[in-house]
Amino acid sequence: MSLRLAAIYTTYKPDAGFRSRIEGIVSRCHATIVVDNTPGSHVFEDASDLTLLQDGVNKGLGRALNLGIEKARELGCNAAILFDQDSTPPASFIDKLKQEFTQFNSTRICTGPRLLDDTVQAAPGPDTVESPARPQEVTCLATSGMLFSLENLGPADSFSEAFFLDFVDFDWCWRMRAKGWKLYRLDHVPMPHRLGLAQRHVLGLTYHVPAPYRHYFQFRDTLRLLTLDYVPLYSKFRFGILLLPKMLVYPFILDRGVERFKWMARGIVDFFKSVKGVGAAGQKLL
């Protein structure tokens, strides 16, 4: 399969280092599409080689990805790789991922890298040689670094726009697996990525700390996942069983505990109200 690859970035108030982080991707892809969810206006420096989709509205992650895929098709691309603005792919990343992807000789697979937390591990140097490893079949992949063909995607295979932020990637992966797709994590193809605002270490365990409003999506949409028949039973158990400990512990071990608890409680309430999309978090994100 000859890949005409589109890199699709979703951004929200990107920092000054965004352009430098994507430099190695732009030169190696047929098109680089940036779907900007920054409310109001944002000026991208040196954007002549980018395809910018900007409307001054935070549309949510799912909607942004769907718009990026639609534009990729318009530009003649037959495959897409997705990135968050916080990812820092090494210069050789695209070449390695494309090589691994084409070896599967299938248009019904999705591959992704091994994500490295860039706060604790630096990006591999240009001369770093990764040890050979077999692709690991998994049940879901994180959005950033996903590579898949566009040829077999229909309207029903779009990213969900109901979740807005969290679980958009997992929901898509579970739906595609139910349709016979295979998902592979390439542990020998690493990519540094920002996994949280900060980290906390308690009793020997490491916690990635999200912004307080993220708990709203985590609680509301975890409960929604429990109602969906294509979500694997063990995933429902894994995500569902953690809600109560998070609600009882996180407000005490993380900063801004009262604020976090309020977002958790609001997420639970809005689940029972069948609120979807940005919901109460609109006060922070719109």
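First, a word on scope: everything that follows refers to the structure included in this document. Bear in mind the structure is a predicted one, so any value in this text is a computation, not a measurement. (Residues numbered from 1 in each chain as written. Predicted model: local features only at pLDDT ≥ 70, side-chain atom pairs only at ≥ 80, totals over all residues. Heavy atoms only, no water.)

1. A few points about the state of the cysteines
- Taken as a whole and assessed by the stated rule, the structure comprises zero disulfides.
- Free of any disulfide, Cys29 has its nearest neighbouring cysteine sulfur in Cys77, separated by 8.4 Å.
- No disulfide involves Cys110; its sulfur sits 5.7 Å from that of Cys173, the nearest cysteine. (Disulfide = S-S within 2.5 Å.)

2. Some details on helix H7 (residues 243–253)
- By the burial criterion, the buried members of H7 are Leu243, Met247, Tyr250 and Pro251. The buried residues of H7 occupy one face: seen down the axis, they fall within an arc of 90°. In H7, the exposed positions that point more than 90 degrees away from the buried face belong to Leu244, Leu248 and Phe252. (Buried < 20%, exposed > 50% of the residue type's maximum accessible area, 1.4 Å probe, protein only. Helix = DSSP H or I, 4+ residues; strand = E, 2+ residues; numbered from the N terminus. Arc of directions from axis to C-beta.)

3. Structural notes on the pattern of salt bridges
- Taken as a whole and assessed by the stated rule, the structure comprises 16 salt bridges.
- Here Asp166 ties to Arg214 by a salt bridge, and the two come within 2.8 Å at their closest N and O atoms. Of this pair, Asp166 sits in the loop between strand E7 (147–149) and helix H4 (168–178) while Arg214 sits in helix H5 (residues 214–225), placing them 48 residues apart in sequence.
- As a salt-bridge pair, Arg220 and Asp221 come within 2.8 Å of each other at their nearest N and O atoms. Each member of the pair, Arg220 as well as Asp221, carries the same accessibility label: buried.
- Bridged by salt links that share partners, the residues Arg19, Glu23 and Asp49 form one connected network. (Salt bridge = Lys/Arg side-chain N within 4 Å of Asp/Glu carboxyl O.)

Without other data, these values stay purely geometric and don't point to any function.
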